[in-house]
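# Survey of secondary and tertiary structure
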Amino acid sequence: MKIRYAFLAAAVCFTMYSCKVMSPKAYKSLVAERDSLANRTTNLEGELAQLQADTARLHNQLADLRKNNSVLNSNLDATSSKANELAAQTSRLAADLKKREARLKEVEDILKKRDEATNALKDKLQKALLGFQQSGLTVDIRNGKVYVSLADKLLFPSGSIIIDEKGKAALKQLAVVVNKEPDINMAVEGHTDDKKVKNLGQIKDNWDLSVLRATSVTRYLTETEGVDPHRLTATGKSEFQPIDASGTDEARAKNRRIEIVLTPKLDELYNLITK
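Within each chain, residues carry numbers counting from 1 in the order of the written sequence. For a predicted model such as this one, the threshold for reporting local features is a pLDDT of at least 70, and the threshold for listing and counting side-chain atom pairs is 80 or more; totals across whole chains, interfaces and linings nevertheless cover every residue. Only hydrogens and water are set aside; all other atoms, that is, all heavy atoms of the structure, feed into the side-chain values.

A few words now on the sheet that holds strand 1 (residues 137-142). Spatial strand order, 1-2-5-3-4: 5 strands in an open sheet with mixed pairing. At either end of the open sheet lies a strand with only one pairing partner, and these are strand 1 and strand 4 (232-238). Strand-to-strand, the axes of this sheet are offset by a mean angle of 20°, without reference to chain direction. Here 6 bridges tie strand 3 (residues 184-191) to strand 4, and the two strands are oriented parallel to one another. Across the sheet, Gly-190 pairs through a bridge with Gly-236, a residue of strand 4. One requirement defines pairing of two strands: DSSP has to find at least two bridges between them. Runs of E in the DSSP output that reach at least two residues are strands. Runs of H or I that reach at least four are helices, and both are numbered from the N terminus. In this description, a line fitted to the C-alpha atoms serves as the axis of each element, helices being fitted only across the stretch in contact, and the angle between N-to-C directions of two axes falls anywhere from 0 to 180 degrees.

And the structure:
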């Protein structure tokens, strides 16, 4: 607006002393220059408004970027903290795994020693009792234990709980071996067939018969052969753990037996487990 007034003042000048009239051509030129300047001013004002709008938008974008950057930094801190926590946990687990592997190695070594001792004991018993194996005596290993199975005909007369001389000879040879192996515990188990007991006086049933035969063997080993009674347990299983359940006479003969179960003492393993 100021530019327009300036051009008008230049075009027509009235003074108290003189007045000089501008030619139409010059006036027209000035008007054209004025309009050109006005257009440029309008364009510049529009450009300024656009720049101001762009500047405001960029400020908003910058604020958003700063906000996002702050969130990313927070997430990064949280991720870094989580990574440190996971690293510490991994380290603890690795240390625990190492301890468990060492413990497992100890247990494996002890079990290996047990198996070696069990196999050695089996070999000794087989050699010592070799002469009785034709009379119904067997030696085998089950679940890390040595089982000496003696048929009832090797130990007792039919229906009796009194050990005969052949049975005593077999038990004597067994005692020679176990008395040299103080780290062996023994369980003497009496087993019968499924036939009902008849006319055996105070023996009422197969429970009585199995228990009394087991205690007869236990008593002979401790009182006559000097086996430490603290190492022995006597139990009766009656007819309920048969070797052969087919019901034939041969099967029943197998089921009537005394089993002496020899177990290496596992104090070392027990102490390891209960640490």
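Next comes the rest of the account.
Attention shifts here to the pattern of salt bridges. What counts as a salt bridge is simple: a side-chain nitrogen of Lys or Arg found within 4 Å of a carboxyl oxygen of Asp or Glu. Across all of its chains, the model carries 15 salt bridges by this definition. As a salt-bridge pair, Lys-168 and Glu-165 come within 3.7 Å of each other at their nearest N and O atoms. With Lys-168 and Glu-165 both in helix 4 (residues 165-178) and 3 residues apart, the pair spans about one turn of that helix. Categorising residues by exposure relies on relative accessible area from a 1.4 Å probe, with only protein chains included: less than 20% of the type maximum marks a residue as buried, more than 50% marks it as exposed, and the intermediate range marks it as partly exposed. On the basis of relative accessible area, Glu-165 is assigned to the exposed category, the value being 60%. A salt bridge links Arg-256 to Asp-193; its shortest N-O distance comes to 2.7 Å.

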